[in-house]
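Listed below are the residues making up each chain.
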Number of protein chains: 2
Amino acid sequence: MDDVHGRSLNQVDLTAVQIDDEFWGPRREANRKSTLWDEREKLESRVDNLRRVAGLEVGGFEGPYHNDPPIYKWIEAACYVLATETDPELRDTVESLIDVIEEAQDDSGYIHAYYQLERPTAERWTNLATGHELFAVGHLIEAALAHDRLDGRSRLLDLARRSADHVCDVFGRGGHTGYPGHPEIELALIRLYRATGTEAYLETATFFIEERGRPDSRFEWELNHVEQVTGGQTPALFRDEVGEYDGSYSQDHAPIREHTRMRGHAVMATFLYTGVTELVRETADRELAAVLQRLWDDMTTAHAYVTGGIGTVPESESFGEPRHLPNEGGYAETCAAFGKIQWDAVMFLLTGEARFVDDLELTLFNAFLTGISLDGTKFSYDNPLSSEGGERHRQQWFETSCCPPNVARLLASLEQFVYATKGDTLFVNLFVGSEVTVGLETGRMRIQQSVDYPWHGSVEVVVERAEPETSTLAIRIPSWAESVTAAYNGRPVDVPSELEQGFLRLERAWSPGDTVSLSFDMPAELLRGHPSVRHTAGRVALRRGPLVYCLEAVDNETPLEGVHCATGTDPTPVHEPDLLEGVTTLDFAGISIDDGEWDTALYRSDTEIEARPVDCRAVPYYAWDNRSPGAMCVWIPASNEAIQERLDDS
Amino acid sequence: MDDVHGRSLNQVDLTAVQIDDEFWGPRREANRKSTLWDEREKLESRVDNLRRVAGLEVGGFEGPYHNDPPIYKWIEAACYVLATETDPELRDTVESLIDVIEEAQDDSGYIHAYYQLERPTAERWTNLATGHELFAVGHLIEAALAHDRLDGRSRLLDLARRSADHVCDVFGRGGHTGYPGHPEIELALIRLYRATGTEAYLETATFFIEERGRPDSRFEWELNHVEQVTGGQTPALFRDEVGEYDGSYSQDHAPIREHTRMRGHAVMATFLYTGVTELVRETADRELAAVLQRLWDDMTTAHAYVTGGIGTVPESESFGEPRHLPNEGGYAETCAAFGKIQWDAVMFLLTGEARFVDDLELTLFNAFLTGISLDGTKFSYDNPLSSEGGERHRQQWFETSCCPPNVARLLASLEQFVYATKGDTLFVNLFVGSEVTVGLETGRMRIQQSVDYPWHGSVEVVVERAEPETSTLAIRIPSWAESVTAAYNGRPVDVPSELEQGFLRLERAWSPGDTVSLSFDMPAELLRGHPSVRHTAGRVALRRGPLVYCLEAVDNETPLEGVHCATGTDPTPVHEPDLLEGVTTLDFAGISIDDGEWDTALYRSDTEIEARPVDCRAVPYYAWDNRSPGAMCVWIPASNEAIQERLDDS
């Protein structure tokens, strides 16, 4: 983090990237063709509420009070699709939603269906802890920025700016000193500032960030003085065991500069810290940068599942105690994976360090991608690493419908994570078949990336256009890759054992046709958990490349609890083009414990275990629950000495 | 279970047993001197409700609707104490409570403070699923039977019979065909039948048992037609995921003869099946006996913690899926341990098989006894086998105050479990220092039992009085005892390797002074869990004799998660007279994992574990949380090959 300065790396706009990838192609096509349209239908009752505000329909408010954000998130997702594809029907749908929003927004710029229909004007902005008004404005802004990309001057952006201006008028020192219960508007206002240059947006975002967590919390006052609008975020979550105010649930426990550990609601936390990171990208504030680094380290070393998932406490969707990572009873909300990916992405842009992309990739392929079925029609809200009884299944929708549109907007904007630039350098972050055109300091450059990822560890980058000046291609070497070889136009290139910030950097005067080939071994790995993580003790997890694997009942002897994996096992990768839309499985000789000897006792000291080899197959975690329903586990019991001896004897 | 017949064994009345035991003495003294008086004070607000019914005080009902049963249970506990000790103050307190009950009971025999104060008479018996009216009558009967023991003709028994007669008038075929939501009255009515000979009590108990679980469930009807009185038992617990009626929570899913698995609320289940067992003791119904056997086997082979605790699902206090036995997130309610002990006791009386006493003893010393602090002032409702964060502590009271008075009444009536008789045989079930006088077919016999249990495996039984006729002493050989020696007046006695129903039977013409000595090895055992129990995989639990042990932070390096126990470890029993009122600890050389190598990664495949030997101390599970608060675990991670190798190398 020595390299803190304003906007150290540049995000590549998603229109500059054309993805053509065998792995992501089907996922994104399901998103476009199925997910988006299903979600639009499910959102109709929410649009009705806005229609009632607009006077286009008669009636009162119906449904959960956090009505509007999923609509905005849907528009954002649709606009990402429209940025790279022509789809008149989708465009019409977007525009007709904007028509409703336009009518629903009042003259002040305020829009929030629940408050507009159900509450007197005086109650606006009085219930920030749980009321979600500022959260909604944030998502309106993000949708507007996505819409503005389509053909420049966007009327949704005009609407969003009116809302943002209203927020900037109302809030700030000397005015309303509240701040959002659910962070989101901070990152949105900073991005709006970048798009428009209006300083007020940056100032208000800064105000929200710095005001949170001060003594005499606004939320504490609200909880004691204001009737609460509640949905998932109930007031009880803001109180400790003896009933005293405890703001940690909403990161309101201390001023931002004093945050040291990941606490509270995982989605709120990652959205807040994404906003703070965006702020530091503007201000180069070293103190805040150090706070972010400390928090991110805490998240990844004390609070993350092997899948990258975060937030282990179901009751509050929150971070638990350090290294409390229960499997079956865990949470790992899909939106929290989204939030973590979002934060990873901007931490990378702030620092240029590949480890943030490593974490982004891990979370993307596992904790996030498991949140949607292969056909794009079902979603999971929480993603535990074990389903003993096999009753867990994705669902078509949730009343608190935060996850499905977050899945849609991320899949539709995957382009944003693949590349980045800085000065004369083009960064290749993710291995996704694609073409990108960027402007470097040294001029325009276009490259084509070809991969068969995540199944094979080979990457080919062909330069299609380059200026005569020397520029740099920086290709991420994943943290799990131990044996890496590289070649430039067929000739071996030295890969330093100590990489600069995790990237292989090739500085050349590039010519069209120049080819860089990268190859890393992708062996199956048996992971163990930190000795202080009780839930992984005596177990192993399988990982290959960026993918974490699981045992699913449909492929294995059941109960899965009886299947053990011996230390030293070397699973065989087997590519199965017809399985789960094409996956590489990890097959291994496991050990099945014969229950025969155990028929009548749950516990015994004279363990005469009947063990026998059994064929086991692990599939990628993201792909589970797409076939016959059944049990699943990521952390497989490791065989112990007694079992091993019995096998050796037999 | 071939030997099914009515009342096959006789319980020995608690007045025939005088306990003088170093282990149980302090526990029972704390119960008499501290627990009972504390509880009486806590119950005052509940007695006030009965006073209001009686017109002795003005005001409406206050507090939880299940107001009365804890008062009855308290009286029952106090009467057990009074049966063996003279305590005028306690007796006065009991009698003054009976004064209130007498005034509160209405002319019909009905008594239930909540319904009497808050509801019209027409609503009585309309909300059986959750209303607890019949449950309360059951406890009134049990209290009355205990009171009747004090000096014969009891006015509380008269009151209870009026309530019981009223219930028998109201319920039955041709009348009100309902049955209790929370079973209890079944077992109480059968015991009342035994005490009085009134057939109607047996008939109504039989009706309640056989009516439950039939098609067109009464509870289902109530849930759809009657406003619910709710406390802990909310109507949602009676519905499945799609909202359909599912009676399994309250064992209303099938007629009793079709019950095959332990389901639903663990306390309700054990109370119901205790009643059914009492019924079979009267009727010798072979079909029901087989049902009970199947259910008991299911409980102990699929649903019991190593401590004997049952009921693993906190949300519903219920049995979970078979072999779903989570440690940290488990439940194992103290009342469920009480219910299991109660059921074990009557299953033994029904069958004469020692295995039921084995389970009773395990549950008594562990899952039950952990429910109260050593000083008798604090209680636990749920008793998980792990407290990672160390935040779990016993409490002084609970609004739903079922557990504390159950603890009190069991400790005060421990005598009932120690001995039993049948024909010419005196059974010595539990090893408790005591004297007992019984009438056998062959005449009166008095013996004295001396033990230093559970710390040493030696039992001495001295005959103090016997008739000249040949009679039998049957001494239980615990299932965990592998090496047993016995002597009769100093001369070795053969202990058959195949015991008859688990007892060593000595048939003699006994003379005063005859001495039987029994000695069993009591090594520390490393238990493993059934391979299909995911939560015990890769872990071991320590047991010595009937006691299950745990690691407590105050005795060990923390975090406990870092402490491993190697397979093959042989812990050393060390008796510490000043620790925890005198316990034998299990000390062993554990393995501590040094986190140094793991500082920055939660998961890794290149495990270079720094392991070193560390002194570990385990204490009995019942005694934990009586010193400095901290973490606790029963299932200790077992060391694996990698760790073992590192130690062997160093």
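Residues numbered from 1 in each chain as written. Chains lettered and ligands numbered in written order. Predicted model: local features only at pLDDT ≥ 70, side-chain atom pairs only at ≥ 80, totals over all residues. Heavy atoms only, no water.

Student: Where do I start with the layout of surface pockets in this structure?
Tutor: To find leftover empty space, one rolls a probe the size of a water molecule over the atoms. Of the voids in this model, the second largest pocket is the one considered here, and its volume is about 1,300 Å³. Lining the second largest pocket are 42 residues; nearest its centre among them are D358(A), S479(A), W480(A), R543(A) and A601(B). Of all the secondary structure elements, the ones that give two or more residues to the lining of the second largest pocket are α13 (286-302), α15 (354-368) and β14 (524-529) of chain A together with β20 (603-604) of chain B. Broken down by element, the residue count for the lining of the second largest pocket peaks at 6 residues, all from α15(A). Of the residues assigned to the lining of the second largest pocket, the class counts are 19 nonpolar, 9 polar and 14 charged. (1 Å grid on protein atoms, 1.4 Å probe; cavity = no way out; pocket = protein on both sides within 12 Å on 5 of 7 lines; lining within 4 Å. Points joined across faces, edges and corners; volume = space filled by probe spheres on them. Helix = DSSP H or I, 4+ residues; strand = E, 2+ residues; numbered from the N terminus. Nonpolar A, V, L, I, M, F, W, Y, C, P; charged D, E, K, R; others polar.)

Student: Please clarify how unusual backbone geometry should be interpreted in this entry.
Tutor: One can expect most non-glycine residues to show negative phi and most peptide bonds to be in trans. Cis geometry marks the peptide bond from Y453(A) to P454(A), where omega comes out at 5°. Here P454(A) lies in the loop between β7 (443-451) and β8 (458-465). Residues other than glycine seldom take positive phi values, yet N489(A) does so here, at roughly 50°. On the secondary structure map, N489(A) appears in the loop between β10 (484-488) and β11 (491-493). Despite not being glycine, H132(B) has its phi angle at roughly 65°, a positive value. Mapped onto the secondary structure, H132(B) falls in the loop between α6 (128-131) and α7 (133-151). Judged by its relative accessible area of 9%, H132(B) falls in the buried class. (Buried < 20%, exposed > 50% of the residue type's maximum accessible area, 1.4 Å probe, protein only.)

Student: Would you mind showing me how to read the state of the cysteines here?
Tutor: As used here, a disulfide is simply a covalent bond connecting the sulfur atoms of two cysteines. Counting across every chain of the model gives 0 disulfides over all chains. Looking at the unpaired C565(A), the closest cysteine sulfur is the one in C616(A), lying at 7.6 Å. Look at C565(A) and you get buried, because its relative accessible area is 0%. Between C402(B), a cysteine without a disulfide, and C335(B), which holds the nearest cysteine sulfur, the sulfur-to-sulfur distance is 3.6 Å. Here C402(B) falls in the buried class, since its relative accessible area comes to 18%. (Disulfide = S-S within 2.5 Å.)

Student: For this particular structure, what's the right way to read the pairing of strand β9 (residues 471-476) of chain A?
Tutor: Regular strands place their side chains on alternate faces of the sheet. Residue and element names in this part refer to chain A. Here β9 lies mainly inside the structure; 6 of its 6 residues are buried. Side chains of β9 alternate between two faces, with S471, L473 and I475 and T472, A474 and R476 buried alike. Pairing geometry for strand β5 (residues 425-428) and β9, over 4 bridges, is parallel. For F427, the partnering residue across the bridge sits in β9 and is A474. Here 6 bridges tie β9 to strand β12 (residues 503-508), and the two strands are oriented antiparallel to one another. In the sheet register, I475 faces β12, and the bridge partner there is L504. (Pairing = 2+ DSSP bridges.)

Student: Just to check I follow, could you spell out the nonpolar core for this structure?
Tutor: Soluble globular proteins tend to bury their nonpolar side chains together. In terms of nonpolar packing, the biggest core is built from 220 residues, with I75(A), I141(A), Y273(A), W343(A), I447(A) and V634(A) touching the most fellow members. With 12 residues, helix α14 (residues 334-351) of chain A is the largest single contributor of residues to this core. Those residues in contact with I141(A) that sit more than four places away from it in its chain are A160(A), A164(A), I185(A), A188(A), L189(A) and L192(A). With 219 residues, the next largest nonpolar core counts V100(B), A304(B), C335(B) and L385(B) among its residues. (Core = buried A, V, L, I, M, F, W, Y, C linked by side-chain atoms within 4.5 Å. Contact = heavy atoms within 4.5 Å.)

Student: Help me understand the relation of the copies chain B and chain A in this model?
Tutor: These two copies of the chain differ by a rotation about an axis and a displacement along the same axis. Each copy of the sequence occupies a distinct position, and chain B is placed on chain A by a rotation of 180° and an axial shift of 0.0 Å, giving an RMSD of 0.0 Å. Classification of the inter-copy transformation places it as that of a two-fold axis. Residues of chain B ranked by C-alpha distance from the rotation axis are headed by G538(B), positioned 2.3 Å from it. A symmetric contact is evident, with 98% of the interface residues of chain B recurring at the interface of chain A. (Least-squares fit on C-alpha atoms with pLDDT ≥ 70 in both.)

Student: Can you help me understand the sheet that holds β10(A) in this one?
Tutor: The pairing of strands in a sheet happens through backbone hydrogen bonds and is either parallel or antiparallel. All names here are of chain A. Spatially, the 7 strands line up as an open sheet ordered β2-β6-β7-β8-β13-β10-β11, and their pairing is antiparallel. With partners counted over all chains shown, the strands left at the sheet margins are β2 (17-19) and β11, one partner each. Adjacent strand axes in the sheet meet at a mean angle of 25°, parallel and antiparallel pairs treated alike. Sheet analysis places β10 next to β11, joined by 3 bridges and oriented antiparallel. Residue A487 lies in a different strand from β11, and its bridge partner there is P492. (Axes fitted to C-alpha atoms, helices over the stretch in contact; angles between N-to-C directions.)

Student: Looking at this structure, I do not really get the side chain of T584(B). What am I missing?
Tutor: Residues and elements named next belong to chain B. Its location among the elements puts T584 in strand β19 (residues 583-594). For T584, a relative accessible area of 3% corresponds to the buried category. Look past the residues within four positions of T584 in its chain and what remains in contact with it is W455, R544, Y549, P573, V574, H575 and P620.

Student: Help me understand the confidence of the model for chain A, please; the structure alone is not making it clear to me.
Tutor: When pLDDT drops low, the exact placement of atoms in the prediction is not to be read closely. All names here are of chain A. Here chain A averages 92 in pLDDT, and 94% of its residues register 70 or above. Confidence over residues 1-6 falls short of pLDDT 50; this stretch has 20 contacts with residues more than four positions distant or in other chains. Here residues 641-650 is modelled with pLDDT under 50, and outside its nearest four sequence neighbours on either side it reaches 21 contacts, counting other chains as well. (pLDDT = per-residue confidence, 0-100.)

Student: Quick question: what am I supposed to make of the packing of aromatic side chains here?
Tutor: Each pair of aromatic rings is reported with the distance of its centres and the angle of its planes. Evaluated as defined, the whole model comprises 59 aromatic pairs over all chains. For the ring pair F171(A) and F208(A), a centre distance of 5.4 Å and an interplane angle of 70° mean the geometry is edge-to-face. Of this pair, F171(A) sits in the loop between α8 (155-170) and α9 (185-196) while F208(A) sits in helix α10 (residues 199-211), placing them 37 residues apart in sequence. F208(A) matches F171(A) in its accessibility class, with the two residues each being buried. Within the aromatic cluster, the residues linked to one another by ring pairs are F23(A), W24(A), F365(A), F431(A), Y453(A), W455(A), W480(A), F520(A) and Y622(A). In this structure, R508(A) is placed above the aromatic ring of Y488(A), and the distance from its NZ or CZ to the ring centre is 4.3 Å. The side chain of R124(B) reaches across the aromatic face of Y110(B), ending 4.0 Å from its centre. (Phe/Tyr/Trp six-rings, centres within 6.5 Å; stacked < 30°, edge-to-face > 60°. Lys NZ or Arg CZ within 6 Å of the ring centre and 35° of its normal.)

Student: Even after reading the chapter, I still don't get helix α13 (residues 286-302) of chain B, so can you show me in this structure?
Tutor: Three- or four-residue spacings in an α-helix give side chains the same orientation, since the helix completes a turn every 3.6 residues. Residues and elements named next belong to chain B. For α13, with 17 residues, the first-to-last C-alpha span of 24 Å sits near the 24 Å given by 1.5 Å per residue. α13 sits mainly inside the fold: 12 of its 17 residues count as buried. Those residues of α13 lying buried are L288, A289, V291, L292, Q293, L295, W296, D298, M299, T300, T301 and A302. Of the surrounding secondary structure, the elements contacted by the buried residues of α13 are α10 (199-211), α12 (266-283), α14 (334-351) and α15 (354-368). For α13, the side-chain oxygen to backbone nitrogen distance between the N-cap and E287 is 3.0 Å, and the N-cap itself is D285. (Expected span 1.5 Å × (residues − 1). Polar contact = N/O pair within 3.5 Å; in protein donor to acceptor, adjacent residues only side chain to side chain.)

Student: Hey, could you run me through a negative patch on the surface in this one?
Tutor: The grouping of D216(A), E220(A), D240(A), E241(A), E244(A), E321(A) and E391(B) at the surface amounts to a negative patch. Assignment of secondary structure puts E244(A) in the loop between α11 (218-225) and α12 (266-283). (Patch = residues over 30% accessible without salt bridge, like charges linked within 9 Å, V, L, I, M, F, W, Y side chains within 5 Å. Areas by Shrake-Rupley, 256 points an atom, 1.4 Å probe, with all protein chains shown as cover. Salt bridge = Lys/Arg side-chain N within 4 Å of Asp/Glu carboxyl O. Lys, Arg positive; Asp, Glu negative; His and termini not counted. Charge placed at Lys NZ, Arg CZ, Asp CG, Glu CD.)

Student: Help me out: how do you make sense of the interface of chain B and chain A in this one?
Tutor: Interfaces are often sized by the accessible area lost when the parts come together. Each partner contributes to the interface: chain B provides 52 residues, whereas chain A provides 51 residues. Between chain B and chain A, the buried area comes to about 4,300 Å², and carbon and sulfur atoms account for 54% of it. Of all residues in chain B, R534(B), L602(B) and Y603(B) give up the largest surface area on contact with chain A, accounting jointly for 21% of the area buried on that side. Inspection of the chain B/chain A interface yields 0 salt bridges. Put simply, chain B and chain A have 6 residue pairs in polar contact (both at pLDDT 80 or more) between them. Going through the elements one at a time, α13, β14 (524-529), β20, β22 (632-633) and α18 (641-649) of chain B are the ones with two or more residues in the side of chain B that touches chain A. Looking at the side of chain B that touches chain A, the element that brings in the most residues is β14(B), giving 5 residues. Bridge analysis of β14(A) against β20(B) gives 2 bridges, and the strand direction is antiparallel. Along β20(B), the bridge assignment pairs R528(A) with R604(B). (Buried area = accessible area lost by both parts, 1.4 Å probe.)

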